[in-house]
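Below, each chain spelled out in residue letters.
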Amino acid sequence: DCIDRAIEKNISIKNSSLDLLNSSENKKLAIGNFLPSLNISGNHNWNTGLTQNITTGILENQTTKNSSVNMSVGIDVFNGLANLRRLHRANLDLLAKKYQLEDMKEDISLLVANSYLQILFNQEQLEVQKSQLKISQEELNIAKEKFNNGVIPEGDLFEIEANLALSEQNVIMAENSYQISKISLGQLLMFGDADNFEIADDNYEIPNSDILNKDAKEILNVALKKRNDIKLAETNLEIAIKDQQISKSTLLPSASAYYSYNSRVIMDAPTSLKSQFDLNAGESIGLQLNIPILNGWSSQSNIKKSKLNVLRSKNLLDQTKLDLENTIYQALNDAKGAMKSYEAAKKSEIARKTAFEYAKERFENGALNTINYFQAQQLFETAQADLIRAKYDYIFKIKVLEFYFGIPDFSL
């Protein structure tokens with residue numbers, strides 16, 4: 001739900017969607033290049049002063065009014081296949097913008113998933129600190145009773161009170177971390193009231209996944225076919241090649257055909273407007289051929305630049321593939337390491353819990369001093385925190401691997 005909302009509200013994604021719409025309009029323009037041009041123009045003017053009388057042919061001071069109309073049609077017969085190549089480029093650009101939008105959505109999804117799991121980690125960490133605070137409060141009550149009965153000295157009581165204050169401080173720090181992580185995700189989702197933002201209160205466990213049974217090469221082969229950043233780089237290379245072809249079109253001859261019709265009338269003439277319109281009508285039709293010979297080296301320079309851009313796009317594609325390969329190998333190693341860390345953290349937490357319960361029993365019976373008891377308690381708290389951290393780190397790294405393997409399912 002958070003990912004869906006982030007994709008809907010994210011400003012960068014909205015701008016990328018606008019880029020996609022802009023590419024759609026560019027495609028319409030490319031299609032329009034194949035259509036003939038049709039223009040109609042007209043004007044009406046007044047002439048005052050010494051002008052020729054069209055009836056007598058004598059120059060007279062007079063005011064005349066006349067109107068004219070013109071219609072022209074033009075069409076490209078051949079322009080070095082530039083229009084066809086521009087249409088192909090427009091289609092490629094539209095495809096590139098789609099890949100760009102999807103790639104941005106994937107990046108946002110990973111960011112939201114990480115932020116979401118950070119909340120879960122801080123939430124469980126807060127519960128651990130609250131549980132430790134209750135234990136510290138119980139310890140203080142027991143210690144006060146022992147001090148009143150003369151079982152422990154006043155110094156031990158002060159140590160336990162200080163430990164309670166430390167537990168209260170840890171709760172406050174855990175609460176702050178929890179609230180900050182909620183605010184961060186709320187802002188990422190463009191949630192207006194980020195202070196009151198809450199996520200589903202579920203108990204998330206390690207997901208069942210066989211992604212760690214696959215080797216890096218298998219994951220990479222799938223990622224090269226499915227990752228949108230790879231598709232985007234490949235499409236940008238095709239666009240660069242098409243730009244090179246378009247630049248070469250300027251070296252070829254071009255031909256265009258045109259037709260024009262025009263007529264004019266004088267308002268104060270003795271003959272009717274219709275007869276003037278028919279009498280003064282004129283038509284022209286022609287074919288224009290243009291052969292480029294020398295144009296300041298601009299065509300040759302543009303061709304060379306387009307070749308360089310092709311090489312640059314190839315390098316970017318190779319670099320993107322190399323980065324993806326390194327990322328997948330690193331992600332697989334990180335996930336395997338996270339699995340081992342999680343298993344070790346579980347064993348450590350169980351051992352530290354048993355040791356703490358044993359130390360607590362000895363402390364309450366007076367067989368263990370305060371310092372050793374606090375050490376056992378601190379080791380247990382650290383083990384709990386390490387287990388929570390290892391758990392959500394493992395979950396996230398599994399989801400990252402699944403993401404590269406083409407499983408964009410971030411449900412837990």
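Counting restarts for each chain, with residues numbered from 1 along the sequence as it is written. Per-residue local features are limited, in this predicted model, to residues with pLDDT of at least 70; the limit for side-chain atom pairs, both in listing and counting, is 80 or more; totals at the level of whole chains, interfaces and linings are taken over all residues. Water and hydrogen atoms were dropped before computing side-chain values, which therefore reflect all heavy atoms in the structure.

1. Considerations on helix α2 (residues 11-32)
And step 1. Compared with an ideal rise of 1.5 Å per residue, which puts 22 residues at 32 Å, α2 spans 32 Å between its outermost C-alpha atoms and is within 8% of the ideal.
And step 2. For α2, every residue scored as buried is listed here: Ile13, Ser16, Leu20, Ser23 and Ala30. All buried residues of α2 project into a common sector of 70° when viewed along the axis, lining one side. Those residues of α2 that are exposed and aimed more than 90 degrees away from the buried face are Ile11, Leu18, Leu21, Lys28 and Leu29. Labels follow the DSSP assignment, with helices taken as runs of H or I lasting at least four residues and strands as runs of E lasting at least two, numbered in each case from the N terminus. In this scheme, a helix's expected span is set at 1.5 Å multiplied by one less than its residue total. Exposed residues in this analysis have more than 50% of their type's maximum accessible area, buried residues have under 20%, and partly exposed residues fall in between, with area computed by a 1.4 Å probe over protein chains only. This arc describes the spread of directions from the helix axis toward the C-beta atoms.

2. So, the confidence of the model for the protein
The predicted coordinates of low-pLDDT regions are not to be read in fine detail.
And step 1. Think of pLDDT as the predictor's per-residue confidence, scored from 0 to 100. Confidence along the protein averages 88 in pLDDT terms, with 96% of residues attaining 70 or more.
And step 2. No element of the protein has a lower mean pLDDT than helix α7 (residues 273-279), at 85, and none a higher one than helix α6 (residues 228-249), at 95.

3. Some points on unusual backbone geometry
And step 1. Positive phi, close to 65°, is recorded for Leu81, a residue that is not glycine.
And step 2. Mapped onto the elements, Leu81 comes out in the loop between β2 (59-78) and α3 (82-148).
And step 3. One non-glycine residue, Met190, lies in positive phi territory at about 55°.
And step 4. Structurally, Met190 can be placed in the loop between α4 (154-188) and α5 (216-226).

4. Digging into the pairing of strand β3 (residues 254-266)
And step 1. By the convention used here, strands pair only if DSSP detects at least 2 bridges between them. One ladder, built from 12 bridges, connects β2 with β3; its direction is antiparallel. Bridge assignment links Met71 to a residue of β3, and that residue is Tyr261.
And step 2. For β3 and strand β4 (residues 282-290), the ladder comprises nine bridges, and the chain directions are antiparallel. Its bridge partner lying in β4, Tyr261 is registered against Glu283.

5. Describing the nonpolar core
And step 1. Counting 72 residues, the largest nonpolar core has Val112, Leu185, Ile219, Tyr373, Tyr392 and Leu401 as its most contacted members.
And step 2. Sorting the residues of this core by element identifies α1 (2-9), α2, α3, α4, α5, α8 (298-364) and α9 (370-404) as the ones contributing at least two each.
And step 3. A per-element tally of this core places α3 first, with 17 residues.
And step 4. Residues in contact with Tyr392, not counting those within four places in the same chain, are Leu117, Leu120, Phe121, Glu124 and Tyr204. Nine residue types can take part in a nonpolar core, namely buried Ala, Val, Leu, Ile, Met, Phe, Trp, Tyr and Cys, and a core is a set of them joined through side-chain atoms within 4.5 Å. Whether two residues touch is decided by their heavy atoms; if any such pair falls within 4.5 Å, the residues are in contact.

6. Here's the deal with the packing of aromatic side chains
In this description, a pair of aromatic rings is defined by centroid distance and the angle of the planes.
And step 1. Each aromatic pair joins two rings of Phe, Tyr and Trp (for Trp, the six-membered one) with centres within 6.5 Å, and gets the label stacked for planes under 30 degrees apart, edge-to-face for over 60, and tilted for any other angle. Counting across every chain of the model gives seven aromatic pairs.
And step 2. Each ring, one from Phe356 and one from Phe380, has its centre 5.4 Å from the other, and the planes form 15°; the classification is stacked. Of this pair, Phe356 sits in helix α8 while Phe380 is found in helix α9, placing the two residues 24 residues apart along the sequence. Exposure class is identical for Phe356 and Phe380. Each is buried.
And step 3. Here the aromatic cluster, defined as three or more aromatic residues joined through ring pairs, consists of Phe356, Phe363, Tyr373, Phe374 and Phe380.

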